[in-house]
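Below are the chains, spelled out letter by letter.
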Amino acid sequence: ERHKRAGLVSAPPSTPRGLSALAALYERDFPVYRQPVEVGCFSLDARRTFFNDARQLRYYVEPRRRPELNLRDGYRDRYLRRDEAVKENLDHMLTWILANRTKVQKGPAAGSSSLELDVDIITWRGHLTKLLTTPYETQEGWQLAVTKFGSTLYISEVETEAARQSRESRTERHKEMMYWGYKFEQYTCADDAGSRPDASGVVNTNEAFCTVIQTRLGTHKLLFSGEVDCRDPDPSAPPPPSCYIELKTSAEICTSKQHRNFLRYKLLKWWAQSFLPGVPRIVAGFRDNDGIVVSVETYYTLKISQLIKVCAQNLHFPTNVIPPHPPPPPPPPRVVYLFSWEPNMDVTYTVHRNSRYTFLPDWYVRQMMS
Ligand code: A3P
Ligand code: MG
Ligand code: MG
């Protein structure tokens, strides 16, 4: 295993560049980010089974202005929690790609072999959100495994040791508060365009509806998927992703210090999460310490960005570091570049072959080669 310390931005051009996470380095023009386009979607049911359709998409129902929704209801008796110890890596996205190859393959005109996708980077939206907010993050580091297969980089998160420890030692209060976000979704979403939410049902966090988005950041063609909470129930609303709505909960804001922190830490992340897939609207339920939603606010993603300055320069780093030509056989998809970052540090990376970090499954590689 080679171990490398990534070069600083000021390093000579021959060494990897752009890996410092200092915010000041990113306070410049935002690279061109093309309007995100939905190329498909998929659903995961209560057992995490994949469906190549929108069966899990829900419809937004606006709550009353002072709704008094009790987010604690059902935590003990109507909550089925997804097992976070099970790491799915990019598997659901890869399943989607195999089922929709014609949508993402290079055309025959390009004269390329069948495994060539017309995409530079494949990942989850959540991983891109972390990259985008890295210069502003002070709490949690990340690890991202990157593999080159064909001419495409696949990026999949690896849970850090610190994240695993905090996941395994969550307090009872923290566990309950994680439920609150999903309970808010249940209060504000219906299964059909014309129906009402049913807050008497079970909250099952295995269920998900995901959009698959294609866009371009600077010169990089991105394909990523992200969970979408619900859509505008109006059938004449603009097409996806413009009709999608992100739901959030947050502690009610009472002091100016809380307001500052809300903007600085929370709204920044909300913005990045929704900006990337082009979700224009965020509906936030503000709750008190007993989990009662006392007010609901709508934020418009593009207006948030006028308040918060963030730059996506960070998204360049994987392509800067990985050699333009994949290493010779054994199959390149088993080689992983593991990028690591901790607050106040630079990004570093290590190279691994046939290790526990290999994440492209054989079934994907086989089918892509056939
Ligand atoms: P809130 O964000 O409203 O608290 P999302 O908002 O991305 O649709 O996620 C829905 C809910 O999942 C969140 O609701 C939160 O409860 C939980 N959640 C999302 N990301 C999480 C994370 N990284 N750690 C713990 N819980 C998370
Ligand atoms: Mg969600
Ligand atoms: Mg949400």
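Rules used throughout
Residues numbered from 1 in each chain as written. Chains lettered and ligands numbered in written order. Predicted model: local features only at pLDDT ≥ 70, side-chain atom pairs only at ≥ 80, totals over all residues. Heavy atoms only, no water. Patch = residues over 30% accessible without salt bridge, like charges linked within 9 Å, V, L, I, M, F, W, Y side chains within 5 Å. Areas by Shrake-Rupley, 256 points an atom, 1.4 Å probe, with all protein chains shown as cover. Salt bridge = Lys/Arg side-chain N within 4 Å of Asp/Glu carboxyl O. Lys, Arg positive; Asp, Glu negative; His and termini not counted. Charge placed at Lys NZ, Arg CZ, Asp CG, Glu CD. Helix = DSSP H or I, 4+ residues; strand = E, 2+ residues; numbered from the N terminus. Buried < 20%, exposed > 50% of the residue type's maximum accessible area, 1.4 Å probe, protein only. pLDDT = per-residue confidence, 0-100. Donors = N, O, S within 2.8 Å, 3.2 Å for Na, K, Ca; no water. Phe/Tyr/Trp six-rings, centres within 6.5 Å; stacked < 30°, edge-to-face > 60°. Lys NZ or Arg CZ within 6 Å of the ring centre and 35° of its normal. Pairing = 2+ DSSP bridges. Near = heavy atom within 4 Å. Polar contact = N/O pair within 3.5 Å; in protein donor to acceptor, adjacent residues only side chain to side chain. Nonpolar A, V, L, I, M, F, W, Y, C, P; charged D, E, K, R; others polar. Contact = heavy atoms within 4.5 Å.

Undergrad: Looking at this structure, how should I read a negative patch on the surface?
TA: Residues D191, D192, D198 and E207 make up a contiguous surface patch of negative charge. On the secondary structure map, D192 appears in the loop between β10 (189-190) and β11 (203-204). On the basis of relative accessible area, D192 is assigned to the partly exposed category, the value being 49%.

Undergrad: Teacher, can you tell me more about the confidence of the model for the chain here?
TA: Low pLDDT marks stretches whose predicted atomic positions should not be read closely. Averaged over every residue, the pLDDT of the chain is 89; the share at 70 or more is 86%. Interface scoring of the predicted complex returns ipTM 0.94; its pTM is 0.91.

Undergrad: Honestly, unusual backbone geometry in this entry has me stumped. Any pointers?
TA: The phi torsion of most residues other than glycine is negative, and most of the peptide bonds are trans. The residue after P240, namely P241, is reached through a cis peptide bond having omega 0°. One non-glycine residue, N89, lies in the positive phi region at around 50°. Residue position: N89 is located in the loop between β6 (79-80) and α1 (91-99).

Undergrad: Honestly, the coordination of the magnesium ion (ligand 3) in this entry has me stumped. Any pointers?
TA: Tetrahedral coordination by four donors sets the ideal angle at the metal to 109.5 degrees; octahedral coordination by six donors sets it to 90 or 180 degrees. Each protein donor to the magnesium ion (ligand 3) is listed here as D229 (OD), E246 (OE) and L247 (O); together their distances run 2.0 to 2.2 Å. Sequence spacing of the donors to the magnesium ion (ligand 3): D-x16-E-L.

Undergrad: Quick question: what am I supposed to make of the packing of aromatic side chains here?
TA: Describing an aromatic ring pair means giving the distance of the ring centres and the angle of the ring planes. Using the criterion set out here, one finds 19 aromatic pairs in the structure. Three or more aromatic residues link up through ring pairs in this structure, and these residues are F149, Y154, W363 and Y364. Directly above the aromatic system of F51 lies the positively charged group of R55, at a separation of 3.6 Å from the ring centroid.

Undergrad: Even after reading the chapter, I still don't get the pairing of strand β17 (residues 292-300), so can you show me in this structure?
TA: For strand β5 (residues 69-70) and β17, the ladder comprises 2 bridges, and the chain directions are antiparallel. Across the sheet, L69 pairs through a bridge with V293, a residue of β17. The sheet contact formed by strand β16 (residues 281-287) and β17 spans 7 bridges and is antiparallel. When the sheet's bridge partners are listed, F286 is paired in β17 with S295.

Undergrad: Is there a simple way to think about the site of ligand 1 in this case?
TA: Within the structure, ligand 1 sits among M178, G181, Y182, E185, D229, E246, L247, K248, T249 and Q273. Between ligand 1 and E246 there is a distance of 3.1 Å, counted from an oxygen atom to a side-chain nitrogen or oxygen. In the model, an oxygen atom of ligand 1 is placed 3.0 Å from a nitrogen or oxygen of the Q273 side chain. When isolated, ligand 1 has an accessible area of 530 Å², and the protein chains bury 63% of it. Looking at the shell around ligand 1, the elements with two or more residues in it are α5 (172-188) and β15 (244-251). The residue makeup of the shell around ligand 1, split by class, is 3 nonpolar, 3 polar and 4 charged.

Undergrad: Help me understand the environment of T249 in this model?
TA: Looking at the secondary structure, you find T249 in strand β15. A sequence separation of 71 residues divides T249 from M178, and the C-alpha atoms of the two residues are 10.0 Å apart. Residues in contact with T249, not counting those within four places in the same chain, are L71, W180, G181, F184, K266, W270 and G285.

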